[in-house]
Amino acid sequence: MDGSASTLEPLFAFLSYALIQAESAFYKIPGSHVVARYVKSSHQNDPGRTVLEILLALFAIRTLLQSRTRADNGEKHFIQFSKKEIDELVEEWTPEPLGAPLTAEEQSDLASIPVVSGANGPRPKLANTGKQVLNLASYNFTGLAGNETIKERAIETLRKYGVGSCGPPGFYGTIDVHMDLERDIADFLGTEAAILYSQAFTSIPSIIAAFAKRGDIIVADRGVNFALQKGLQISRSTIRWFDHNDLKSLEEVLQNVEKERRKRRGPLTRRFIVTEGIFEKNGTIADLPKLIELKHKYKYRLILDESISFGTVGRTGRGLTELYNVPATQIDMLLGSVANGLNSSGGFCAGSRIVVDHQRINGTSFVFSAAVPALLAVSASEGINILRNTPSILGTLQENIRAIRAVLERVDCITIPSHTASPIIHIYVRAPSTSATHLLPTAPAKQSNSASPAGRDAQSFDIVTEERLLQDIVDEALAQGVWITRARRLRGQEVVEARPSIRLAVTAALSRKECERAAGVIKAAAVKVLGKRK
């Protein structure tokens, strides 16, 4: 035994020396002490975990070292083709189309789109007919499109700054006129600050995703527009839905959210209410004072999309805050469209200085998109000055809305869901009286499932049939010199399918007589088309 021990002693001495040298070399590596402390504490608390981690490390090393294909193994698992067979297979292969072929309805939709010859405006000329038409299809609510003062300022800016901004705002795309427009918007609305985005649609998802993250709570109206839906989706927050423009349903959902949190003893998270000022889908208007009351009562932040209401309602076009005489500072994030309200380009978010500065770093659309061209920023600033100094424009707009509604509300075969002050007027096909009874609820209404975007007592409608009838009305009206359009939707992509409708965009650039004439044409077209139904 002594002989054996003396024989192995040099081996043990060598192993001991090797371990000491390895340990010394290991501790010279930056961060090695942290790893050593982790291994010691992990092994002390759970020895089995150490064994598992060693096995996983060995498996990872083996996976990295082994060949990624089996070609090294004699290629026995591969089928060998001759050159002739390969050529035949290549000739027979047909790639799948990038998109599905257009249906007959889609082809008809594309063919029915009018083309404007020259500048667009309240009375454009169509290229295919050469005739001038009354335009109730474009978002030119206050008639700023084609305004001569704005044209002159845009030309001056073009000569000074050129066409494009050549970069994102956060890098080298910000110009002094961009900052001027942001100050103009904030001052016009009465907020601390505002941030300008280059595209109205992408600004909305970017703003929501900049603040709402996974684990946060968003309570949203079931009737919000597609841009808001995309923002809710990419935020990855927990979404709860309330019935469209029903603030009693909203309060029930807010109460249930708090009950769920207390039941599971969950932590307090960021919570938001998301809705629109004037709903793009049907023209209804939210009750802003009640929304603010609920926001304060249940400790939520309010994200209000005023893409339609900014520049169209209120004495000077300041939107719902002016319509309801509510300070804009009561809204945490006020979203708007420079394109819709000021006939320029881009979107904005107005709010506190903290809210705005946060987006300059975290708003993806702001960080990664090129800034608005300088001439469009100046045009928008000039549009705000016109609204400030000429409030009669908004009075004319409301007069034209009332004139059109006075004619259309007397038509029995259509219905108008839009608010009386809304500059967009949606027209539905009225359901035949024989089939209307089955749409009425047969039992007392129960509370909707807030986790599902589908609401209670959802009305049924035939999308294909109604869109065909509405398009016939559009075509008939265009033949009589009035340009209107169906509300276009991405069918199958929205959380709740919107009912087909004709969307009128009323403008202050037309006279009252022209609006009455246009409404008369639409009335006659609706009676002619819908009167044929059996």
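Residues numbered from 1 in each chain as written. Predicted model: local features only at pLDDT ≥ 70, side-chain atom pairs only at ≥ 80, totals over all residues. Heavy atoms only, no water.

**Student:** Describe in detail the environment of Asp 357, supporting the description with residues and values.
**Tutor:** Position of Asp 357 among the secondary structure elements: in helix 15 (residues 353-362). The class for Asp 357 is partly exposed, based on a relative accessible area of 37%. Along the backbone, Asp 357 and Gly 531 are 174 residues apart, and their C-alpha atoms lie at a distance of 56 Å. (Helix = DSSP H or I, 4+ residues; strand = E, 2+ residues; numbered from the N terminus. Buried < 20%, exposed > 50% of the residue type's maximum accessible area, 1.4 Å probe, protein only.)

**Student:** Tell me about the pairing of strand 15 (residues 502-505), and please be specific about residues and values.
**Tutor:** Side chains of strand 15 alternate between two faces, with Ile 502 and Leu 504 and Arg 503 and Ala 505 buried alike. With four bridges connecting them, strand 12 (residues 424-429) and strand 15 associate as antiparallel partners. Pairing of Ile 427 across the sheet is with Ile 502, part of strand 15. (Pairing = 2+ DSSP bridges.)

**Student:** Residues and numbers for the nonpolar core, please.
**Tutor:** Membership of the largest hydrophobic core comes to 94 residues, with the highest contact counts inside it found for Val 219, Leu 250, Ile 404, Leu 408, Ile 484 and Leu 504. Broken down by element, the residue count for this core peaks at nine residues, all from helix 20 (residues 512-530). Residues Phe 211, Ala 212, Ile 218 and Ile 239 belong to the second largest nonpolar core, which totals 26 residues. (Core = buried A, V, L, I, M, F, W, Y, C linked by side-chain atoms within 4.5 Å.)

**Student:** Quick one: what's the story with the environment of Arg 153, residue by residue and with numbers?
**Tutor:** Tracing the backbone through its elements, the reader meets Arg 153 in helix 6 (residues 148-161). Residue class for Arg 153 comes out partly exposed when judged on its relative accessible area of 31%. Sequence spacing of Arg 153 and Asp 287 is 134 residues, and the spatial spacing of their C-alpha atoms is 38 Å. Other than its neighbours up to four places away in sequence, Arg 153 contacts Val 378 and Glu 382. (Contact = heavy atoms within 4.5 Å.)

**Student:** Give a detailed account of the environment of Ile 273, specifying residues and quantitative values.
**Tutor:** With respect to the secondary-structure elements, Ile 273 resides in strand 7 (residues 271-276). The exposure class of Ile 273 is buried, given its relative accessible area of 0%. Taking the C-alpha atoms as reference points, Ile 273 and Ala 25, 248 residues apart in sequence, are found 58 Å from one another. Setting aside anything within four residues of it in sequence, one finds Ile 273 in contact with Val 219, Leu 250, Leu 254, Leu 291, Lys 295, Tyr 300, Arg 301, Leu 302 and Ile 303.

By themselves these figures say nothing about function.
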